[in-house]
Amino acid sequence: KATVSVLYWFAVMEVTIFDEGTNSTNVMIVNLDDTMFAVVSTVGDIINMPTDSFDLEYEGNILLYSDGSNFISESGMQAGAEVIIKQTHRKQIEKIRKGEITLKDLSYGVRHHPEVVAAAVDVSLSQTDELDGTLLRESRELQKTIVSVNGLGLSSLPEEVRDDKEIVSLAAIQNGRSVYFASPRLRDDKDVILKAITSQPKSLSFASDRLREDPDVIRLAISKNGMAIRHASLDIRTNVEICTQAVQSNSWAIVHVHPSIKEEVLERSKG
């Protein structure tokens, strides 16, 4: 007879159950939430348990409840922890999307699973406050998950991550405005800013001074929305060709054209 007491766990914990003699067997303790977990044999069947302490008896290759009913056997060779984890996460994701629970209601392991995080961030970016700061700093999978769902999630990541071009690029593709939270180095990175502008032309306003006078960058922005000319440098706003393109894209862009060339730009834009 053996007692297993689970004090805490991450998503999965492997434990060894010892009986009163010398026999033992390995099982997986799989977290479902703070009141339910599953015990999964390393070779087979999945059994749900409602408490965090339970008594077992061991007979040969079979684990039994204290009442003698079959608990875990070696017959279920294909069952495993992955199955029940996916089932559990699916249920928790449904509850998150319905607003029934938030990340703070989940245990540590479930709370930090990428699919669960993605669902939570999609509902509310503020849920990132419930995540472990160390994991946010070290787990690229979590970082990518957050910014791929909501680019503005870049704001919740550590400073060094906001200087990571891969992460910032993913954020910029999802939401161009996210570059506001990028490091100065990456706000001066043409590739990153072009991605941001493709997503949101007004993100030009967050680019470095150097890029706000780069003709390639400006042309992309005004091709998306002529009003983006307002965020261009003074030199660009005195460029007749570029300003004409902006006004042709959006007639209201004339408001942001330098007075010295407005008349010429208006004339050209009519053609």
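As the structure is a prediction and not an experimental result, all values here were calculated from the model. (Residues numbered from 1 in each chain as written. Predicted model: local features only at pLDDT ≥ 70, side-chain atom pairs only at ≥ 80, totals over all residues. Heavy atoms only, no water.)

A count of helical and extended segments in the protein gives 11 helices and eight strands. A total of 271 residues make up the protein; the buried ones form 43% of that total. Of the roughly 14,100 Å² that the protein leaves accessible, carbon and sulfur atoms contribute 47%. (Helix = DSSP H or I, 4+ residues; strand = E, 2+ residues; numbered from the N terminus. Buried < 20%, exposed > 50% of the residue type's maximum accessible area, 1.4 Å probe, protein only. Areas by Shrake-Rupley, 256 points an atom, 1.4 Å probe, with all protein chains shown as cover.)

Moving on, we get to the side chain of threonine 244. With respect to the helices and strands, threonine 244 occurs in helix H10 (residues 240–249). The residues contacting threonine 244, other than those within four sequence positions of it, are Val265, Arg268 and Ser269. (Contact = heavy atoms within 4.5 Å.)

Summarising the element assignment, arginine 177 is placed in the loop between helix H6 (165–174) and helix H7 (184–187). Sequence separation between arginine 177 and serine 205 is 28 residues, and the spatial gap between their C-alpha atoms is 9.0 Å. When near neighbours in sequence (up to four residues on either side) are disregarded, arginine 177 contacts Leu152, Gln200, Ser203 and Phe206.

This part covers the packing of H6 against helix H8 (residues 190–199). Two elements in contact, H6 and H8, have axes whose closest approach is 7 Å; the angle formed by their N-to-C orientations is 20°. It follows from the interaxial angle that H6 and H8 lie roughly parallel. As H6 packs across H8, the resulting crossing turns out to be right-handed. Listed contacts from H8 to Lys165, Val168, Ser169, Ala172, Ile173 and Gln174 of H6 are Asp191, Val192, Lys195, Ala196 and Ser199. Residues belonging to the contact of H6 with H8 are distributed by class as follows: five nonpolar, three polar and three charged. (Axes fitted to C-alpha atoms, helices over the stretch in contact; angles between N-to-C directions. Parallel < 35°, antiparallel > 145°, perpendicular 65-115°, else oblique. Left-handed = near helix turned anticlockwise from the far one by under 90°. Nonpolar A, V, L, I, M, F, W, Y, C, P; charged D, E, K, R; others polar.)

This paragraph deals with the packing of aromatic side chains. Enumeration according to the criterion identifies two aromatic pairs in this entry. Each ring, one from tyrosine 180 and one from phenylalanine 181, has its centre 5.0 Å from the other, and the planes form 90°; the classification is edge-to-face. A connected cluster of aromatic rings, assembled from ring pairs, spans Tyr180, Phe181 and Phe206. (Phe/Tyr/Trp six-rings, centres within 6.5 Å; stacked < 30°, edge-to-face > 60°.)

On to the pattern of salt bridges. Inspection of every chain in the model, using the stated rule, returns 14 salt bridges. In this structure, arginine 140 and glutamate 166 form a salt bridge, with 2.5 Å as the shortest nitrogen-oxygen distance. Taken together, the residues span a long stretch of sequence, with arginine 140 in helix H5 (residues 140–149) and glutamate 166 in helix H6 at a distance of 26 residues. Judged by relative accessible area, which is 31%, arginine 140 ranks as partly exposed. (Salt bridge = Lys/Arg side-chain N within 4 Å of Asp/Glu carboxyl O.)

Before going further, it helps to examine H10. Of all the positions in H10, only Val240, Ile242, Cys243, Thr244, Ala246 and Val247 are classed as buried. Here the buried face of H10 lies against helix H9 (215–224) and helix H11 (262–270). For H10, the N-terminal capping position is held by asparagine 239, with its side-chain oxygen 3.1 Å away from the main-chain nitrogen of glutamate 241. (Polar contact = N/O pair within 3.5 Å; in protein donor to acceptor, adjacent residues only side chain to side chain.)

Take the nonpolar core next. If you look at the biggest cluster of nonpolar residues, it comprises 51 residues, and the most contacted ones within it are Ile96, Leu154, Leu157, Ile218, Ile229 and Val265. Listed by contribution, the elements that provide at least two residues to this core are helix H1 (81–97), helix H3 (114–123), H5, H6, H8, H9 and H10. Beyond its immediate stretch of four places on either side in the chain, isoleucine 229 contacts Ile218, Ile222, Ile236, Arg237, Ile242, Cys243, Ala246, Ala253 and His256. (Core = buried A, V, L, I, M, F, W, Y, C linked by side-chain atoms within 4.5 Å.)

These figures capture arrangement, not role.
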